[in-house]
Amino acid sequence: MVLFSPPEERFLRQVADTVQRRGLRRPAVLALQAGRPLMLVAGQLLWIAQPALSLLGTGKQAGQLAQLLEKPGAADLLLNFLEEDG
């Protein structure tokens, strides 16, 4: 089992809260469930998109999320946060 630091867990909870506030919980849950085997690729895509996202002011958060998605179990933890909030 992969352990996450309290700041990592807090960040994933913030991501889940943001997704929930924007009304995207269901699509996010479906994407996480369907794309679980591709989380490493998703993390890499976020690294690629980070410079463009920086223009929108979300580059730092994209980098944090990319780093976490490369960690085994991060998608499951994010999915748990999304499901408990729903």
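Basis of the calculations
Residues numbered from 1 in each chain as written. Predicted model: local features only at pLDDT ≥ 70, side-chain atom pairs only at ≥ 80, totals over all residues. Heavy atoms only, no water. Helix = DSSP H or I, 4+ residues; strand = E, 2+ residues; numbered from the N terminus. Expected span 1.5 Å × (residues − 1). Core = buried A, V, L, I, M, F, W, Y, C linked by side-chain atoms within 4.5 Å. Buried < 20%, exposed > 50% of the residue type's maximum accessible area, 1.4 Å probe, protein only. Contact = heavy atoms within 4.5 Å. Salt bridge = Lys/Arg side-chain N within 4 Å of Asp/Glu carboxyl O. Arc of directions from axis to C-beta.

Draft legend 1. Structural view of helix H1 (residues 6-21). Across its 16 residues, H1 extends 22 Å between first and last C-alpha, which sits within 8% of the 22 Å expected from 1.5 Å per residue. Looking one or two residues past H1, Gly23 carries a phi angle of roughly 75°, positive in sign.

Draft legend 2. Structural context of the nonpolar core. Counting residues in hydrophobic clusters, the biggest one holds 20 residues, and the most contacted among them are Leu12, Val15, Leu32, Leu65, Leu68, Leu78 and Leu82. At the level of secondary structure, the elements contributing two or more residues to this core comprise H1, helix H2 (25-34), helix H4 (59-69) and helix H5 (74-85). The biggest single contributor to this core is H5, with seven residues. Sequence-distant contacts of Leu82, defined by excluding residues within four places in its chain, comprise Ala16, Val19, Arg25, Ala28, Val29 and Leu32.

Draft legend 3. Examining the pattern of salt bridges more closely. Taken as a whole and judged by the stated rule, the model has two salt bridges. The partner of Lys71 in a salt bridge is Glu8, with the nearest N and O atoms 2.9 Å apart. Remark: Glu8 occurs in helix H1 and Lys71 occurs in the loop between H4 and H5; sequence separation between them is 63 residues. Since its relative accessible area comes to 25%, Lys71 is described here as partly exposed. Between Glu84 and Arg13 there is a salt bridge, with the nearest N and O atoms lying 2.7 Å from each other. Here Glu84, found in helix H5, pairs with Arg13, found in helix H1; they are 71 residues apart in sequence, far enough to count as distant. Judged by its relative accessible area of 29%, Arg13 falls in the partly exposed class.

Draft legend 4. Quick look at H2. Listed as buried for H2 are Ala28, Val29 and Leu32. One face of H2 carries all of its buried residues, which in axial projection span an arc of 100°. Relative to its buried face, H2 has exposed residues pointing more than 90 degrees away, namely Arg26, Leu30 and Ala34.

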